[in-house]
Amino acid sequence: MDYVVRRNNLKELPHSLDYVSCLLHLSVCGIFGLLWMLLLHKFNGFCFLFSVRSSVVLKADISTISEHLDIGLTTGYLGSLTTFSGWNQKMLDLSVNGQWVYASLGFLCGKHIVSWPNWFCPITFSPLLWNLMEKVTTAKGFKGLLGDLKSRSTNQWSLKSYKSHLAVMIALLLVLGVLLVASGLLDAKEFRNGGSEAHLWLACFLAPLGVWIRWTLTRLNGRGIGKSGQFNWVPLGTLAANIGAASMMAALATVNTKNCDTVASGMQFGLLGCMSTVSTFMAEFHTMSPSNQLLRAFAYAAVTVVPSFGIGILIYCIPVWTKRCN
């Protein structure tokens, strides 16, 4: 999706500050999305699932309060919470161990589960299913809260004035500074002591960069190829982000020295994990599927999954298999 902040109100921020505000929202929400994903991944615990359709519906409600918050929560939080590159790498890990059936089911079942409309239920899932499903715990309640706020007073809660935008920017800048400084200090301490958590703090430090890259690439969505704009129905930005991040993650998975492995893992979780997204990918798939564009939806899914998995086989699985044979 191409998230562009509309500037219809003369009291809104100038273009430069408008852009900085988007980056701040993306950074803070992206880090929190990454932390929540890592927390759930660590405990393999309970998680609530809801369909991509719900995230699209939430977008309209969030934008009534702040379009920057809309960008932060959808592109930053949801995008970082659901990583396509991690999903693809999990399937490669299964394949490299000869579990081709599980890898195939992972792609097929995972795609259908997250595109099931209006499905919302708590379940316990295995590490395999962890990378197959979209995860947000408060979609229904958050939408209700937004509805209450909207019904009480839209003007009271919406951020339309220059001062309110500036106040939010200052608050986000402080929060981002605290998060980055804390991540940097903790990462340096763990890295120096050889701690196993060093890559997690490095991931938090690199997460904003991954979100910024993905957000920038989404501007290619809808433009098509060439001057004539052929294939403009293909979200080229999301496609490039997912395939690029999945390919680089597969390459980094071959690193096996101690210090390099810490840096590689941090880049995998933070930079590449936040650079790719399942939520936007499946939202775009779901937007195409109810209409007469069902073939386009499956073509888009195939163009995303097949190259990502195929490149991963070449640069990750084959070297691992060769090393085992030798």
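Basis of the calculations
- Residues numbered from 1 in each chain as written.
- Predicted model: local features only at pLDDT ≥ 70, side-chain atom pairs only at ≥ 80, totals over all residues.
- Heavy atoms only, no water.
- UniProt positions renumbered as here; feature names shortened; annotations may be inferred.
- Helix = DSSP H or I, 4+ residues; strand = E, 2+ residues; numbered from the N terminus.
- Contact = heavy atoms within 4.5 Å.
- Phe/Tyr/Trp six-rings, centres within 6.5 Å; stacked < 30°, edge-to-face > 60°.
- Buried < 20%, exposed > 50% of the residue type's maximum accessible area, 1.4 Å probe, protein only.
- Lys NZ or Arg CZ within 6 Å of the ring centre and 35° of its normal.
- pLDDT = per-residue confidence, 0-100.
- Axes fitted to C-alpha atoms, helices over the stretch in contact; angles between N-to-C directions.
- Parallel < 35°, antiparallel > 145°, perpendicular 65-115°, else oblique.
- Left-handed = near helix turned anticlockwise from the far one by under 90°.
- Nonpolar A, V, L, I, M, F, W, Y, C, P; charged D, E, K, R; others polar.
- Patch = residues over 30% accessible without salt bridge, like charges linked within 9 Å, V, L, I, M, F, W, Y side chains within 5 Å.
- Areas by Shrake-Rupley, 256 points an atom, 1.4 Å probe, with all protein chains shown as cover.
- Salt bridge = Lys/Arg side-chain N within 4 Å of Asp/Glu carboxyl O.
- Expected span 1.5 Å × (residues − 1).
- Bend = angle between axes of the 7 residues up to and from the residue.

- An unreviewed UniProt entry annotates the protein as CrcB-like protein originating from Kalanchoe fedtschenkoi.
- Reading the Catalytic activity (unreviewed entry) entry of the UniProt record for the protein gives the comment "fluoride(in) = fluoride(out)".
- UniProt, in the comment section headed Subcellular location (unreviewed entry), describes the protein in these words: "Cell membrane".

1. Description of the UniProt feature "transmembrane region" (unreviewed entry) in the protein
Then comes step 1: Listed under "transmembrane region" (unreviewed entry) in the UniProt record, and renumbered for this structure, are residues 20–40, 166–186, 198–215, 236–255, 267–285 and 297–321.
Then comes step 2: The distance separating the terminal C-alpha atoms of residues 198–215 is 27 Å; by composition the span is 100% helix and 0% strand.
Then comes step 3: This span, residues 297–321, is 100% helix and 0% strand, and a straight line between its end C-alpha atoms measures 34 Å.

2. Describing the side chain of Gln-89
Then comes step 1: If you trace the backbone, Gln-89 turns up in helix H4 (residues 84–96).
Then comes step 2: Excluding residues within four positions of it along the chain, Gln-89 makes contact with Met-249, Ala-250, Ala-253 and Tyr-316.

3. Some remarks on the packing of aromatic side chains
Then comes step 1: The tally for this structure, following the rule as stated, stands at 7 aromatic pairs.
Then comes step 2: Plain terms: the ring middles of Phe-281 and Tyr-300 are 5.5 Å apart, the flat faces sit at 65° to each other, and that makes the pair edge-to-face. Taken together, the positions of Phe-281 in helix H13 (residues 279–288) and Tyr-300 in helix H14 (residues 294–325) put the pair 19 residues apart, joining distant regions of the chain. The burial state of Phe-281 is the same as that of Tyr-300; both residues are buried.
Then comes step 3: An angle of 90° between the planes, with centres 5.3 Å apart, marks the rings of Phe-285 and Phe-298 as edge-to-face. Residue Phe-285 is found in helix H13, and its partner Phe-298 is found in helix H14; the two are separated by 13 residues along the sequence.
Then comes step 4: In this structure Phe-298 comes out as partly exposed when scored by relative accessible area, which is 38%.
Then comes step 5: Here the aromatic cluster, defined as three or more aromatic residues joined through ring pairs, consists of Phe-84, Trp-87, Phe-281 and Tyr-300.
Then comes step 6: The positively charged end of Arg-219 is found above the aromatic ring belonging to Trp-215, 4.7 Å away from the centroid.

4. Some points on the confidence of the model for the protein
Then comes step 1: Of the residues in the protein, 70% reach a pLDDT of 70 or more, and the chain-wide mean stands at 75.
Then comes step 2: Per-element averaging of pLDDT across the protein places strand S2 (residues 121–124) at the bottom with 35 and helix H11 (residues 236–252) at the top with 94.
Then comes step 3: Throughout residues 1–10 the model reports pLDDT below 50, and contacts reaching past four residues in sequence, or to other chains, amount to 28 contacts.
Then comes step 4: Across residues 113–143 the pLDDT falls below 50, and counting only partners more than four positions away or on other chains, this stretch makes 85 contacts in the model.

5. Examining the packing of helix H9 (residues 162–192) against helix H10 (residues 198–217)
Then comes step 1: One way to put it is that H9 packs onto H10 with a least axis distance of 8 Å and a crossing angle of 150°. On the basis of the axis angle, H9 is roughly antiparallel to H10. Here H9 runs over H10; the crossing is left-handed. Residues Leu-180, Ser-183, Gly-184, Leu-186, Asp-187, Glu-190 and Phe-191 of H9 lie in contact with H10, whose contacting residues are Ala-198, His-199, Trp-201, Leu-202, Cys-204, Phe-205 and Pro-208.
Then comes step 2: Across the contact of H9 with H10, the residue classes break down as 9 nonpolar, 3 polar and 2 charged.

6. Regarding a nonpolar patch on the surface
Then comes step 1: On the surface, Tyr-162, Leu-166, Ile-170 and Leu-174 cluster together to form a nonpolar patch covering roughly 370 Å² of accessible area.
Then comes step 2: Structurally, Ile-170 is set in helix H9.

7. A word on the packing of H4 against H11
Then comes step 1: The N-to-C vectors of H4 and H11 enclose an angle of 45°; their axes lie 8 Å apart at closest approach. Judged on the interaxial angle alone, H11 and H4 are oblique. Handedness of the crossing formed by H4 with H11: right-handed. Of the residues in H11, those touching H4 at Phe-84, Ser-85, Gly-86, Asn-88, Gln-89 and Leu-92 are Asn-242, Ala-245, Ala-246, Met-249 and Ala-250.

8. Regarding helix H3 (residues 67–81)
Then comes step 1: The end-to-end C-alpha distance of H3, which contains 15 residues, comes to 20 Å, matching closely the 21 Å that a straight helix rising 1.5 Å per residue would cover.
Then comes step 2: Of all the bends in H3, the largest measures some 25° and sits at Leu-73.
Then comes step 3: Burial analysis of H3 places 13 of its 15 residues in the buried class, which makes it a mostly covered element.

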